[in-house]
Amino acid sequence: AMGYVWNTNKPDRPNYGIIEPQFVFVSPDGLSDWVSVRNNPVIKYDRLFKSRDYDYYVNSPAYAKNPDGSLARYQGKWVVAVVNFDGKDSHIQTLLSSDGLTWDERTTLWSGTETKTPPGSGDPGEQWVNSFIHNPDDGKWYLFYHGGGNKHSSSKPGTRTIGLAIGDSPKSMLPWDGEFRDGKYITQGPNVLRDAAGWLMVYGRGSRDGDGLWLARSSDLKHWSTSGVVIDGYVSISELVALVQGDTVEWRIYGWKDHRECIFTSTVPRVK
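Residues numbered from 1 in each chain as written. Predicted model: local features only at pLDDT ≥ 70, side-chain atom pairs only at ≥ 80, totals over all residues. Heavy atoms only, no water.

### With respect to the sheet that holds strand 4 (residues 22-26)
For step 1, the next point in the chain: Here 3 strands make up an open sheet; going across it, the order is 1-4-5 and the pairing antiparallel. Unpaired on one side and paired on the other, strand 1 (2-4) and strand 5 (35-36) mark the two borders of the sheet.
For step 2, the next point in the chain: In this sheet, strand 5 lies alongside strand 4 in antiparallel orientation, the contact comprising 2 bridges. Paired with Phe25 across the two strands is Ser36, which belongs to strand 5. (Pairing = 2+ DSSP bridges. Helix = DSSP H or I, 4+ residues; strand = E, 2+ residues; numbered from the N terminus.)

### With respect to the packing of aromatic side chains
For step 1, the next point in the chain: Inspection of the entire model under this criterion finds 11 aromatic pairs.
For step 2, the next point in the chain: Arranged with centres 5.4 Å apart and planes meeting at 50 degrees, the rings of Phe85 and Trp128 form a pair that is tilted. With Phe85 in strand 8 (residues 77-85) and Trp128 in strand 11 (residues 127-135), this pair connects stretches of sequence that are 43 residues apart. For the pair shown, Phe85 and Trp128 are each scored as buried.
For step 3, the next point in the chain: Here a set of aromatic residues connected by ring pairs shows up, and it is made of Tyr57, Phe85 and Trp128. (Phe/Tyr/Trp six-rings, centres within 6.5 Å; stacked < 30°, edge-to-face > 60°. Buried < 20%, exposed > 50% of the residue type's maximum accessible area, 1.4 Å probe, protein only.)

### Some details on the sheet that holds strand 20 (residues 248-257)
For step 1, the next point in the chain: Spatially, the 3 strands line up as an open sheet ordered 19-20-21, and their pairing is antiparallel. Of all strands in the sheet, those bounded by a partner on one side alone are strand 19 (235-245) and strand 21 (260-269). Strand-to-strand twist across the sheet, computed as the mean angle between neighbouring axes with direction ignored, equals 15 degrees. (Axes fitted to C-alpha atoms, helices over the stretch in contact; angles between N-to-C directions.)

### Considering the nonpolar core
What tends to happen in soluble globular proteins is that the nonpolar side chains get buried as a cluster.
For step 1, the next point in the chain: By size, the foremost hydrophobic cluster in this structure holds 22 residues, and its most contacted members are Val129, Phe132, Trp141 and Leu143.
For step 2, the next point in the chain: When residues of this core are traced back to their parent elements, those giving at least two are strand 6 (56-65), strand 8, strand 9 (90-97), strand 10 (105-111), strand 11 and strand 12 (140-147).
For step 3, the next point in the chain: In terms of residue count, strand 8 provides more of this core than any other element does, 4 residues in total. (Core = buried A, V, L, I, M, F, W, Y, C linked by side-chain atoms within 4.5 Å.)

### Here we look at the environment of Val129
For step 1, the next point in the chain: If you trace the backbone, Val129 turns up in strand 11.
For step 2, the next point in the chain: Taking the C-alpha atoms as reference points, Val129 and Phe144, 15 residues apart in sequence, are found 5.9 Å from one another.

### Points about the pattern of salt bridges
For step 1, the next point in the chain: Using the criterion set out here, one finds 9 salt bridges in the structure.
For step 2, the next point in the chain: Taking the shortest distance from any N to any O, the salt bridge between Lys140 and Asp168 comes out at 2.6 Å. Within this pair, whereas Lys140 is found in strand 12, its partner Asp168 is found in strand 13 (residues 162-169), the two being separated by 28 residues in sequence.
For step 3, the next point in the chain: Asp168 sits in the exposed class, given a relative accessible area of 56%.
For step 4, the next point in the chain: Ionic pairing is found between Asp182 and Arg205, a salt bridge with its closest N-O pair at 2.9 Å. Of the two residues, Asp182 sits in the loop between strand 14 (172-180) and strand 15 (185-195) while Arg205 sits in strand 16 (residues 198-206), which places them 23 residues apart along the sequence. For the pair Asp182 and Arg205, a shared accessibility class is recorded, and that class is buried.
For step 5, the next point in the chain: Linked by salt bridges that have partners in common, Lys77, Glu105 and Lys171 make up one network. (Salt bridge = Lys/Arg side-chain N within 4 Å of Asp/Glu carboxyl O.)

### Quick word on the confidence of the model for the chain
For step 1, the next point in the chain: For the chain, mean pLDDT is 84; residues scoring 70 or higher make up 85% of the total.
For step 2, the next point in the chain: Mean pLDDT across the elements of the chain ranges from a minimum in strand 2 (residues 7-8), with 62, to a maximum in strand 7 (residues 73-74), with 96. (pLDDT = per-residue confidence, 0-100.)

### Topic: the side chain of Gln22
For step 1, the next point in the chain: Its place among the elements puts Gln22 in strand 4.
For step 2, the next point in the chain: Among the polar contacts listed, one links the side chain of Gln22 to the backbone oxygen of Val58, at a separation of 2.6 Å.
For step 3, the next point in the chain: Each residue touching Gln22, except ones within four places of it in the same chain, is listed here: Met2, Gly3, Tyr4, Asn40, Pro41, Val42, Ile43, Val58, Asn59 and Pro61. (Polar contact = N/O pair within 3.5 Å; in protein donor to acceptor, adjacent residues only side chain to side chain. Contact = heavy atoms within 4.5 Å.)

### Here we look at unusual backbone geometry
For step 1, the next point in the chain: At the junction of Asn40 and Pro41, the peptide bond is cis and its omega measures out at -10 degrees in the coordinates.
For step 2, the next point in the chain: Here Pro41 shows up in the loop between strand 5 and strand 6.
For step 3, the next point in the chain: Phi is positive for Asp33, which is not a glycine, with a value near 55 degrees.
For step 4, the next point in the chain: Looking at the element boundaries, Asp33 is found in the loop between strand 4 and strand 5.
For step 5, the next point in the chain: Residue Lys50 is not a glycine yet carries a positive backbone phi of 45 degrees.
For step 6, the next point in the chain: If you trace the backbone, Lys50 turns up in the loop between strand 5 and strand 6.

Pasting the structure below:
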């Protein structure tokens, strides 16, 4: 599991001056006894962007996955997408690693400072990556992201949406000219995997306080339709996992509910 640790430059202002590098943690079962690996932090902020504010961090890691949720590889290496935020703009990057600990090949895909703000954005300049899919059906890579920011119109229903970038490799991806919206204020996600019914998206939406995690369905990864709520209340998602165990599938959602870290699980019959 990859996550972040908050660091602050101003002890008297704990919510300001935040620096967030990325750490790797290991667990025997994915449920408990998580420990930090020796090489941490494994990804640090890219100083090429010269932070223009107190808040700067590398965040929102999205491991590249195959449709079944297993980790995807490119040229024999693992792939992860991250956001380097300089206090005002997001800079979307992909990184490659041969061992999951040393991420030393960086490619900048696009930045929030570009003239044309990509579809799927909230305030100009902010995008947060969430799910990265390698689709063997067409050989393409799909990177999902959502808009950020709390200013201007992004806090109004329908104005913060989910965008998609598509590329022939994880090093050359461009925002697709389309986005997913369901008429609400999208707050989290999405996380995307494929099951027996097609492509499944889990995302957070609602008001400022949120109204749960929702599902959407697609047959082509581009066009989505909302299909209902999976968890009510103030809840967010960081990772969606499907574990096949014989004739059943255990779905796990790693996230937060009521400001506490949680793991939601559901075991259902496997559809073959």
